[in-house]
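Each chain is listed here by its residues.
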Amino acid sequence: MRKFFGFSVLTAVTASVTIALTKSASAAVDPETAFIFNTLSFLMHGFLVMWMAAGFCMLEAGLVRTKNTTMQCAKNITLYSVAGLLYWLVGYNLMYMDVSGFMGSFAIWSGADDVITADGFTGDGTGYAASSDWFFQMVFVAATASIVSGTVAERVKVFPFLIFTVLLTGIIYPIQGSWTWGGGWLSEMGFSDFAGSTIVHSVGGWAALAGAIIIGARTGKFGSDGSVHPMPGSNLPLATLGTFILWLGWFGFNGGSQLAMGSAADVRDIATIYVNTNMAAAAGVVAAVILNQIIYKKLDLTMALNGALGGLVSITAEPLAPGIGTAVLIGAIGGILVVVTVPLLDKLKIDDVVGAIPVHLVCGIWGTIAVVLSNDGASFTTQIIGIVAIGAFVVITSAIVWGVLKLTIGLRASEEEEFLGLDRSECGLEAYPEFGGGSGRV
Amino acid sequence: MRKFFGFSVLTAVTASVTIALTKSASAAVDPETAFIFNTLSFLMHGFLVMWMAAGFCMLEAGLVRTKNTTMQCAKNITLYSVAGLLYWLVGYNLMYMDVSGFMGSFAIWSGADDVITADGFTGDGTGYAASSDWFFQMVFVAATASIVSGTVAERVKVFPFLIFTVLLTGIIYPIQGSWTWGGGWLSEMGFSDFAGSTIVHSVGGWAALAGAIIIGARTGKFGSDGSVHPMPGSNLPLATLGTFILWLGWFGFNGGSQLAMGSAADVRDIATIYVNTNMAAAAGVVAAVILNQIIYKKLDLTMALNGALGGLVSITAEPLAPGIGTAVLIGAIGGILVVVTVPLLDKLKIDDVVGAIPVHLVCGIWGTIAVVLSNDGASFTTQIIGIVAIGAFVVITSAIVWGVLKLTIGLRASEEEEFLGLDRSECGLEAYPEFGGGSGRV
Amino acid sequence: MRKFFGFSVLTAVTASVTIALTKSASAAVDPETAFIFNTLSFLMHGFLVMWMAAGFCMLEAGLVRTKNTTMQCAKNITLYSVAGLLYWLVGYNLMYMDVSGFMGSFAIWSGADDVITADGFTGDGTGYAASSDWFFQMVFVAATASIVSGTVAERVKVFPFLIFTVLLTGIIYPIQGSWTWGGGWLSEMGFSDFAGSTIVHSVGGWAALAGAIIIGARTGKFGSDGSVHPMPGSNLPLATLGTFILWLGWFGFNGGSQLAMGSAADVRDIATIYVNTNMAAAAGVVAAVILNQIIYKKLDLTMALNGALGGLVSITAEPLAPGIGTAVLIGAIGGILVVVTVPLLDKLKIDDVVGAIPVHLVCGIWGTIAVVLSNDGASFTTQIIGIVAIGAFVVITSAIVWGVLKLTIGLRASEEEEFLGLDRSECGLEAYPEFGGGSGRV
Amino acid sequence: MKLIMAIVKPFKLDEVRESLTALGIQGLTVSEVKGFGRQKGQTEIYRGAEYAVNFLPKVKVEVAVPDDLAEQVVEAIQKAANTGRIGDGKVFVLDVSQAVRIRTGETGNDAL
Amino acid sequence: MKLIMAIVKPFKLDEVRESLTALGIQGLTVSEVKGFGRQKGQTEIYRGAEYAVNFLPKVKVEVAVPDDLAEQVVEAIQKAANTGRIGDGKVFVLDVSQAVRIRTGETGNDAL
Amino acid sequence: MKLIMAIVKPFKLDEVRESLTALGIQGLTVSEVKGFGRQKGQTEIYRGAEYAVNFLPKVKVEVAVPDDLAEQVVEAIQKAANTGRIGDGKVFVLDVSQAVRIRTGETGNDAL
Ligand SMILES: Nc1ncnc2c1ncn2[C@@H]1O[C@H](COP(=O)(O)OP(=O)(O)O)[C@@H](O)[C@H]1O
Ligand SMILES: Nc1ncnc2c1ncn2[C@@H]1O[C@H](COP(=O)(O)OP(=O)(O)O)[C@@H](O)[C@H]1O
Ligand SMILES: Nc1ncnc2c1ncn2[C@@H]1O[C@H](COP(=O)(O)OP(=O)(O)O)[C@@H](O)[C@H]1O
């Protein structure tokens, strides 16, 4: 299958020598057993990535103010749903079917596994059930969409946002995804992004950045005198839970991106990926905590959480090749980048409610560059070309979509609605009607 | 083993052609390897279903008012515990051991695996560890009990509720379960319910309905003039988390119900089930959101959450056979049914705190009927017979239990206790003593 | 590999006859397939245990007061990170590499798998990827550290606490761990602790106990007249969620401690472990609920939650050998011990915020003794020797570390900081700025 | 004008409001308070330790009325909030020397 | 001395505080309240059932001032809190017979 | 009768209550408020951006007493709530023209 070979090429390039050996090594495991293992890997790792949708939702719900919390939850569960539908209707085949170099085909996806016939399993070599692969790819696109929702929270109206999600998950993400993972021009050039520091995370980050600029900051966030008015998150344990969920899900995100588990070498690689992923996150937390303590003399929990995610995003482009020491370094730099860029965005008057741009965009870029630290097959120039090409494509297309939405149906709630909270105007509900200023008790 | 064949028959019927092929195909995987895969499927999918207990708990804790939240948590963790104990003491064998047609045997379950002897593994063909199967079946019965707890929340006293749980999980659920999954009369008739739209979800829904009617509505819910007084849920992000947990757990619920993973065809089927399950839920969300927007001009988050669950319940009776398009349709109708029946129950003055009856009963019925859309082996008439027979049995037995409890130890807290909240009277604790009207701060 | 044999010996002793059979039985599964299964078991069960870090965090965040909630979250995510880094830098090899009897070697861990060469998989017999084992061991040490954080909450300063964590996870835990799991003197003596009732849980409990005594109680907890002033937990659904997470994670904790899944007997044992683990927890809940009702006439949710955990800790030393009835008994006694020892600690003026000492220390001791109920290979005397030796070592070393920290940089926040809450003084953040007394709304 | 300040049991709030509306009162302001009085809080048990809840949840109703309505209003509140059980609360009457409606700037009785 | 008690819309609080600071007021006390008045709460829909929210969130500002400042303060609040739309709130003026600063024991106008 | 309204630091509430109980006071009402005054909130940092917390948490104690007790009560509160540090709060005394005990209908000093 095209898509599988597309992936194989990528993986082979990315993971260099060890992976190549896998292929011969796996001869020992009988093909049907390998098929089961490979499929199981997609399913198990896929459900972990699906769980990240809950992680994004809790993180974001905890970091917005109470008056926009219901809305944030509503947006997140709906965008996950929309992403799945669109990836089925358009996205998957646009990304993987008969990729011409710049995109695949417009066609509804329908999984069929011709290696299983009336005579039983007739495949040879490695393989997996088509649906398991689709499932795993689908949860990735949902992650991209979740990233955007956090940045533009607390002022974007829900339906324009969902329309953006439709286009992001149906068209924008799949097209750029085809360039590398679909076997398109970036893949041929040797661009290496194992699990999506750029292809998933930066893409979400770029789309979010375009949105944040075009939608504008929350009313009152930036004073006319250049002052910044923080709007503290309303439920930090929820944000912490979200981060732990994401951390857990990331084992699926990176581990499953090995795309195979049917040989000793593959499962060994997955184990290595788990360890590196965990250590980069741990290093991200510790670096963020220490740096924050040095600069601000406080342990800002939200920075520690963002530090974990920064470490995770940073290791995602190459979670297999580095030794642990290198993984720790990559993650720690991710954590530092987060602590540094969060206030920088404020200075630029870009209002990113949950810190998604520092985490997913900045660390995504860093992670993609860091591939050259451990992967001999990767070239610095090619990595930069990939980052810039994908960035330009996503920023431009996103900006067009956001812009058209702004000019037509409008993107923002009115100032009064924003003041009262989107929960009231968009959802007609309060998230916590009996707490604090809620209307429920008296 | 009886129970295994009981299941096989069902599965074969349900999944028609493809499954049958599995058997010959699996020859390629050696029996011990297949044994491991099958057992692993029960364990992995079983822990996902176990996790649904947390999902129900969070969903319900988020949808009740603060003054009853502790109680809801206490009820849920205790009912999960009681369900496990009862299913061990009575339930499992009543459902699966020597089923006469209408029920199995009264005996404590004790798992022994005679295929593993001093000479090692001596099994041939497919198989799995008995304990793994028991574990998987046990978490199902707990799900049934969780459904009930949501509907009757905020007024039922905890000990009568737990006594009901004992009888539901030890007697009522297993007896009706034996009719189909135990190989009893409904199974012989060809009734098809792959993962339990009727056998698990409707059963919970019927028991809840009987309870809601016999216990009566919360004081103040319905005005004497026919007016409805909503009592908004106190923590919507928690309810959202619960829904995400349930969605995740459902991959285990439906995927594990394939009952085997030891062949390429089986794992392929599980992959298909994951995709269909996810798409039905996604469609349930989108349909509920759109319909709610059309009718009420608001994105009611609680309807979106119920929509997801409605989609999931609807696809549960047949998550394997449909193509994705059909799965989407089945799920979307589930979402619509929820939006329509939630206010309908209010009109009937049936007070269902969390919407469990629309989700689990109404969509459970719909899903069981929808089997005929994709499963050629299923007959509309037989499906209706199964739905009605099980419904009648559960409503009658539940009503007797609820009724006897009402007349003896009483079911409801006093009006004053209800006003102050069950947390105070039953638990002596506040869920959030420092928020809103809590007593903790001042 | 040394560490593997160290484990094998233990396992063989612990699980007596059945396990021994495994070895011959597994001949049927080809070695590479077994390698994949074994590795997968470590990864899958490892991510479940990793998830317990979130469980501890939510449990503790729910049981402290709002003014210390941010701090509790910050401590938990940071300690998990620190534990991973230290176990890499020091801990693993100190526990498993060339254990002399009393400790291993000081060396950074670096996983290499020599059974996978350029010729593919060259291993024979069972095996697993080194990284998967490391990952599984690492999440255990993190659990130990999490236990401590709950007991000393609401008054300890964060950096002294983190320094303690460094020494606990890098030195104290690994040294005592080497005695049994590393193949040291206790293992040679026949001390049996399958998954760590003593080695993980009591160790955390002893370190917590030393901390609670040296740090002292929260200001105002104990009146000078001997009165006890409860400080109710601020978010009980969060604590409930944490308990459910821990329960789920425990299937990984105990199930993965089988250390192999590559044979029918191994996977059968894992299934048995799941069932016993679940039943002990269920019995812990039910016993705690009933006893609490009898003594106090209320269903104290926090006791039910602690009861679940008490049951889980109790079964951890031997989750495989007991029949279900015995598992239920062991768990129920755990639940009872919790209900009895929680107020006892209050009488001793030991302030344990979340009940970690009753759950992890008391039930850990009970569980380790209870091994003799079902495991013929275990001797009561040896079990006691193990409990006492490890207890003495951990109490003494912990007390030294806590004591030195107290005399140097200080352990406690000032009385005013404690009154205002550590969130303000240490983190500069409020967990819930808009709820109750939060500063956010007005 | 008078400011009538009543401390009542929370579940009596709706009845109080309705009885005032019946008197033609068009506005009032409510807040959540904690009361300490003859009515003692239950003794609660948390994890095996007893403790007394000293402060009980009450609702404070504040309503400004023209002098001539004051007596009726006090009476209406007293009736509506009465359960006959300890802890029913109090009504206090204070003098208001001026009242202004923010929207219009109206003052005195017109502002109420 | 006078105690000025104002019920205003929550989002006007900052403007009120600033206008009082401009008058030299050094202290005030604020609380969250719920108001019932001519301004009606929206009808909300929860799970398909309509319900009226009777009480709207308001903020109560209490500030004690010397007699001679009272008029100015009332005026300042009225201006700052005014949006011209229904529900803007009220200002009430009460007499204070004594004031004490807890820290120093100062009394009267010195205590404010 | 007098209504004594005291704004105090939250952690002084228990001492205030005890000192009033010592004077024979049988009831009082408490609410959470936010205070703005000479005492400035700390500057907090959230995600690298500084911001000032203008309002500090305080507790308002309201207690109605017979005229002859008023002075003692004010003094007791002032002593109990005093820490000598800025932000200790204020006590205001207002006149109460009528008091009613809802449970019994008693009025005047009997109602307190
Ligand atoms: N002297 C007082 N000043 C202010 N509030 C009071 C006073 N006495 C009682 N209250 C309030 O009235 C409530 C009821 O008083 P309590 O003595 O319990 O019962 P009762 O009103 O039936 O005598 C108290 O909880 C408190 O809020
Ligand atoms: N008589 C009153 N006594 C106390 N508070 C009042 C009174 N009338 C109105 N209020 C308060 O003022 C707020 C605004 O009043 P409302 O009648 O809605 O509008 P407006 O002030 O524009 O006439 C109310 O929500 C309530 O809090
Ligand atoms: N004029 C006033 N009117 C009402 N409340 C006041 C006034 N001045 C101060 N307060 C309240 O008293 C509290 C303490 O006042 P502050 O000026 O900070 O310190 P101090 O009382 O020590 O002078 C304030 O937070 C505020 O709640």
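Cut-offs used in this document
Residues numbered from 1 in each chain as written. Chains lettered and ligands numbered in written order. Predicted model: local features only at pLDDT ≥ 70, side-chain atom pairs only at ≥ 80, totals over all residues. Heavy atoms only, no water. Near = heavy atom within 4 Å. Polar contact = N/O pair within 3.5 Å; in protein donor to acceptor, adjacent residues only side chain to side chain. Areas by Shrake-Rupley, 256 points an atom, 1.4 Å probe, with all protein chains shown as cover. Nonpolar A, V, L, I, M, F, W, Y, C, P; charged D, E, K, R; others polar. Contact = heavy atoms within 4.5 Å. Buried area = accessible area lost by both parts, 1.4 Å probe. Salt bridge = Lys/Arg side-chain N within 4 Å of Asp/Glu carboxyl O. Helix = DSSP H or I, 4+ residues; strand = E, 2+ residues; numbered from the N terminus. Phe/Tyr/Trp six-rings, centres within 6.5 Å; stacked < 30°, edge-to-face > 60°. Lys NZ or Arg CZ within 6 Å of the ring centre and 35° of its normal. Least-squares fit on C-alpha atoms with pLDDT ≥ 70 in both. pLDDT = per-residue confidence, 0-100. Buried < 20%, exposed > 50% of the residue type's maximum accessible area, 1.4 Å probe, protein only. Pairing = 2+ DSSP bridges. Disulfide = S-S within 2.5 Å.

1. What about the site of ligand 2?
- Around ligand 2, the structure places 21 residues, and the nearest of them are T29(D), R101(D), R103(D), R38(E) and G87(E).
- One finds residues of chains D and E in close proximity to ligand 2.
- G27(D) is positioned such that a nitrogen or oxygen atom in its backbone is 3.3 Å from a nitrogen atom of ligand 2.
- Measuring from an oxygen atom of ligand 2, one finds a backbone N or O atom of F36(E) at 3.4 Å.
- For ligand 2, the protein covers 99% of the area, taking 550 Å² as the surface of the free molecule.
- The residue inventory of the shell around ligand 2, partitioned by class, reads seven nonpolar, seven polar and seven charged.

2. What about the interface of chain B and chain A?
- Tallying the contact residues gives 62 residues for chain B and 62 residues for chain A.
- Between chain B and chain A lies a buried interface of about 5000 Å² when both sides are counted; carbon and sulfur atoms form 80% of it.
- Here chain B and chain A share zero salt bridges between them.
- Where chain B touches chain A, the interface holds seven residue pairs in polar contact (both at pLDDT 80 or more).
- Of all the secondary-structure elements, those providing two or more residues to the side of chain B that touches chain A are α1 (2-25), α2 (31-63), α8 (236-255), α9 (264-296), α10 (301-316) and α11 (324-347) of chain B.
- It is α9(B) that provides the largest number of residues to the side of chain B that touches chain A, a total of 16 residues.
- The class makeup of the residues in the side of chain B that touches chain A is 40 nonpolar, 18 polar and four charged.

3. Description of the packing of aromatic side chains
Residues and elements named next belong to chain A.
- Under the counting rule described, the total for this entry stands at 84 aromatic pairs over all chains.
- Here the aromatic residues F42, Y128, F136, F140, W181, W250 and F253 are joined through ring pairs into a cluster of three or more.
- The aromatic ring of F419 is capped on one face by K67, whose charged end is 5.0 Å from the ring centroid.

4. Overview of the relation of the copies chain B and chain A
- Overlaying chain B on chain A yields an RMSD of 0.0 Å, the required transformation being a rotation through 120 degrees with an accompanying axial translation of 0.0 Å. A rotation of that kind, with that shift, is consistent with a three-fold axis.
- An asymmetric contact is evident, with only 18% of the interface residues of chain B recurring at the interface of chain A.

5. Things to note about the site of ligand 3
- Looking at ligand 3, there are 21 residues lining it, with T29(E), R101(E), R103(E), R38(F) and G87(F) nearest.
- Around ligand 3, the nearby residues trace back to chains E and F.
- Side-chain polar atom of R101(E) to an oxygen atom of ligand 3: 2.5 Å apart, as the coordinates give it.
- At a separation of 2.7 Å, an oxygen atom of ligand 3 approaches a polar backbone atom of R38(F).
- Protein chains bury 99% of the 540 Å² of accessible surface belonging to ligand 3 in isolation.
- Elements supplying a minimum of two residues to the shell around ligand 3: β2 (28-36) and β5 (56-65) of chain E together with β2 (28-36) and β6 (89-95) of chain F.
- Its residues placed into classes, the shell around ligand 3 shows seven nonpolar, seven polar and seven charged.

6. Things to note about the confidence of the model for chain A
- Counting all residues, the mean pLDDT for chain A is 92, and 93% of those residues have values of 70 or more.
- For residues 1-27 of chain A, every residue scores under 50 in pLDDT, and the model assigns this stretch 52 contacts once sequence neighbours within four places are set aside.

7. A short note on the interface of chain D and chain B
- Across the boundary between the two partners, chain D contributes eleven residues, which contact ten residues of chain B.
- Contact between chain D and chain B buries roughly 860 Å² in total, counting both sides, with carbon and sulfur atoms accounting for 55%.
- When the buried surface of chain D facing chain B is broken down by residue, F11(D), K34(D) and E44(D) rank first, second and third, together holding 42% of it.
- At the boundary of chain D and chain B, one finds one salt bridge.
- Between R85(D) and E416(B) there is a salt bridge, with the nearest N and O atoms lying 3.3 Å from each other.
- On the surface where chain D and chain B come into contact, there are one residue pair in polar contact (both at pLDDT 80 or more).
- Secondary structure elements with two or more residues in the side of chain D that touches chain B: β2 (28-36) and β3 (43-46) of chain D.
- Ranked by residue count, the leading element in the side of chain D that touches chain B is β3(D), at three residues.
- Looking at the side of chain D that touches chain B residue by residue, the class counts come to six nonpolar, one polar and four charged.

8. Topic: the confidence of the model for chain D
- Across chain D, the average pLDDT comes to 93, with 100% of residues at 70 or higher.
- Both scores are given for the predicted complex: the pTM is 0.95, the ipTM 0.95.

9. Some thoughts on unusual backbone geometry
- Even without a glycine there, the phi angle at D98(B) is positive, about 50 degrees.
- Mapped onto the elements, D98(B) comes out in the loop between α3 (69-96) and β1 (116-117).
- For D98(B), a relative accessible area of 54% puts it in the exposed group.
- The backbone of R47(D) shows a phi angle near 50 degrees, a positive value even though the residue is not glycine.
- Position of R47(D) among the secondary structure elements: in the loop between β3 and β4 (49-52).

10. Re the pairing of strand β1 (residues 2-8) of chain D
All names here are of chain D.
- Among the seven residues that make up β1, seven are buried, leaving the element largely enclosed by the rest of the structure.
- In β1, alternate side chains face the same way, and those of K2, I4, A6 and V8 on one face and L3, M5 and I7 on the other are all buried.
- Two elements, β1 and strand β6 (residues 89-95), share seven bridges in a ladder whose sense is antiparallel. Bridge pairing links L3 to L94 in β6.

11. Quick notes on the state of the cysteines
Residues and elements named next belong to chain B.
- Throughout the structure, instances matching the rule amount to zero disulfides over all chains.
- Free of any disulfide, C73 has its nearest cysteine sulfur in C57, 4.1 Å distant.
- By relative accessible area, C73 is classed as buried at 0%.

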